[in-house]
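# Architecture at a glance
Residue-level listing of the chains:
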Amino acid sequence: MSVNRRTLLGLVGGSIAAPFLAPQVARAQEAWPARSVRYVNGFPAGGATDSLSRILCQKMSELSGQSFVVENRAGAGGALGADAVAKSPPDGYTIGLGGIASNVLAIGSYAKLPYDPVRDFTFISGMWQLPNILVGKKDLFSSDLKELLAAFKKEPRKYTYASAGFGTTLHLSGEMMKSMAGVDVVHIPYKGAAPAMNDLLGGQVDMLFDNLPGSLPSVRAGLVRPIAVTSRTRIPELPDVPAMAELLPGYAMTSWTALIGPAGMKADLVAQINALTARALADPQVKTRYNDLGASTWPTSPAEIAAFRDSEQARLLPIMQAAGIKPE
């Protein structure tokens, strides 16, 4: 059989190209995750965000067969961790904790951020929502919110409240209380909720605004005094603890988190991560463990979580300005 020159060149060219094309096709169709995934949490180990993150990552590891390794990069109200995510390759192997602190409140808290809270990220899914709680040291003279507000007003700057960091929802919870009640309480920012709780237990600060999961064990053990929750109404976990809004009408502050990755992630990759996240959050065991900590699972589509972030910026930045929180 004769083969003309053009056909021969085509056959040779195809045999040469095939080894190079095959890996490219394989890579395009590769399912995620094919190896270990790094999950960056901008808050320290031992706090609420750490516990909830590890529950989710453990379930995602079980479902995918690959390790999801939590890396704590604490500082600047979650901004250091968010920056680490923003500066990572958009390949799906570095994702992390975003949300109200690093992607909304940081805008009104820091004059200069190392990242753009919107443009430098891919918003993948919601993860959880939870209220905050104001707790006092065990020997605080009262746990009655009305009595405390009266004392704060009578003796400005005598009392202190701790938070997990400048520009967090916990900081804003305290500043909203001060602004709406017309009181002056000194804010003591920490690098995370766990060290703040340690100092509250040791009596170095008078009160702490904390995410509910972080303080709930200490409340149940009688180690701290619950004062009020920041949700619009009382919560099932602590039905005897008033909502701040009962004395300060209109007061409401709920923490929420988003699973984020660097900007530029491909849509099909984002869809795979979103689907795995939704499966993990739908797991009955995960839901139960979240509920035990006072949190609720919150899966969303990528479009929904991006739109929610935008709405929270529009709602909260004016509140921050009214409360006197200025970028520093």
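Everything in this summary refers to the structure shown in the same document. (Residues numbered from 1 in each chain as written. Predicted model: local features only at pLDDT ≥ 70, side-chain atom pairs only at ≥ 80, totals over all residues. Heavy atoms only, no water.)

### Things to note about the overall build of the protein
Put simply, the rule reads: Helix and strand definitions follow DSSP, with helices as H or I runs of at least four residues and strands as E runs of at least two, each counted in order from the N terminus. Burial classification: accessible surface area is computed with a 1.4 Å probe over protein chains only, and a residue below 20% of its type maximum counts as buried, one above 50% as exposed, and the rest as partly exposed. We call two residues in contact whenever any of their non-hydrogen atoms come within 4.5 Å of each other. Accessible areas in this description were obtained via Shrake-Rupley with a 1.4 Å probe; residue shielding takes into account the shown protein chains only. Positive charges are assigned to Lys and Arg, negative charges to Asp and Glu, while His and the chain termini are left out of the count. Where a charge lies is defined by one atom per residue type, namely NZ (Lys), CZ (Arg), CG (Asp) and CD (Glu).
Along its length, the protein carries 11 helices and 10 strands. Projecting the C-alpha coordinates of the protein onto the three principal axes gives extents of approximately 105 × 40 × 30 Å. By residue count, 52% of the 328 residues in the protein fall in the buried class. Taking the intrachain contacts of the protein between residues at least 6 apart in sequence as the baseline, contacts between residues at least 24 apart amount to 79%. Carbon and sulfur atoms make up 56% of the accessible area of the protein, which totals about 14700 Å². Charge-centre separation for the protein: the mean point of 31 positive side chains lies 5 Å from the mean point of 27 negative side chains.

### Looking at the environment of Lys 153
The topology assignment puts Lys 153 in helix H5 (residues 145-154). Sequence-wise, Lys 153 and Thr 288 are 135 residues apart; in three dimensions their C-alpha atoms are separated by 41 Å. Not counting the four nearest positions on each side in its chain, Lys 153 is found in contact with Ala 181, Gly 182 and Val 183.

### Regarding the pattern of salt bridges
Counted only if it meets this: Any Lys or Arg side-chain nitrogen located within 4 Å of an Asp or Glu carboxyl oxygen qualifies as a salt bridge.
Within this structure, the stated rule accounts for 16 salt bridges. Between Glu 62 and Lys 59 there is a salt bridge; the shortest N-O distance is 2.8 Å. Residue Glu 62 and its partner Lys 59 are both found in helix H2 (residues 48-64); the two are separated by 3 residues, about one turn of the helix. Given a relative accessible area of 47%, Glu 62 falls into the partly exposed group.

### Here's the deal with the packing of helix H4 (residues 100-109) against helix H11 (residues 302-322)
Counted only if it meets this: Angular values range over 0 to 180 degrees, each being the angle between N-to-C directions of two axes fitted as lines to C-alpha atoms, with helices fitted over their stretch in contact. By convention, the crossing between two helices is left-handed when the near helix turns anticlockwise from the far helix through less than a right angle, and right-handed when the turn is clockwise.
H11 packs onto H4 with a crossing angle of 35 degrees between their chain directions and a minimal axis gap of 9 Å. Where H4 crosses over H11, the two elements pack in a sense that is right-handed. Along the contact surface, H4 presents Ile 100, Asn 103, Val 104, Leu 105, Ile 107, Gly 108 and Ser 109, while H11 presents Arg 309, Glu 312, Gln 313, Leu 316, Leu 317 and Met 320.

### Some thoughts on the environment of Ala 45
In this structure, Ala 45 sits in the loop between strand S1 (37-41) and H2. Assessed through its relative accessible area of 47%, Ala 45 is described here as partly exposed. With 25 residues separating them along the chain, Ala 45 and Val 70 place their C-alpha atoms 9.4 Å apart. The residues touching Ala 45, leaving out its near neighbours within four places in the chain, are Asp 50, Asn 72 and Ala 194.

### Notes on H5
Going by this rule: Here the arc refers to the set of directions running from the helix axis out to each C-beta atom. Within 3.5 Å is the distance limit for a polar contact, defined as a pair of N or O atoms, with the added protein rule that one can donate a hydrogen and the other accept it, and that residues adjacent in sequence qualify only through two side-chain atoms.
Every buried residue belonging to H5 is among Leu 145, Leu 148, Leu 149, Ala 151 and Phe 152, and all of these are buried. Summarising the axial view, the buried residues of H5 lie within an arc of 160 degrees, below the 170-degree limit, and thus occupy one face. Of the exposed residues in H5, the ones pointing more than 90 degrees away from its buried face are Lys 146, Lys 153 and Lys 154. Measuring from the side-chain oxygen of the N-cap residue of H5 to the backbone nitrogen of Lys 146 gives 3.1 Å; that N-cap residue is Asp 144.

### Examining the pairing of strand S6 (residues 186-189)
To be explicit about the condition: DSSP bridges decide pairing: two strands pair if at least two such bridges lie between them. By convention a crossover is right-handed if, when the strands point away from the viewer, the path from the first strand over the helix to the second runs clockwise.
In the sheet, strand S5 (residues 160-163) pairs with S6 via 4 bridges, with the strands oriented parallel. Opposite Thr 160, over in S6, you have Val 186 as the bridge partner. Tracing the backbone out of S5, into helix H6 (residues 169-181) and back to the parallel element S6 gives a crossover that is right-handed.

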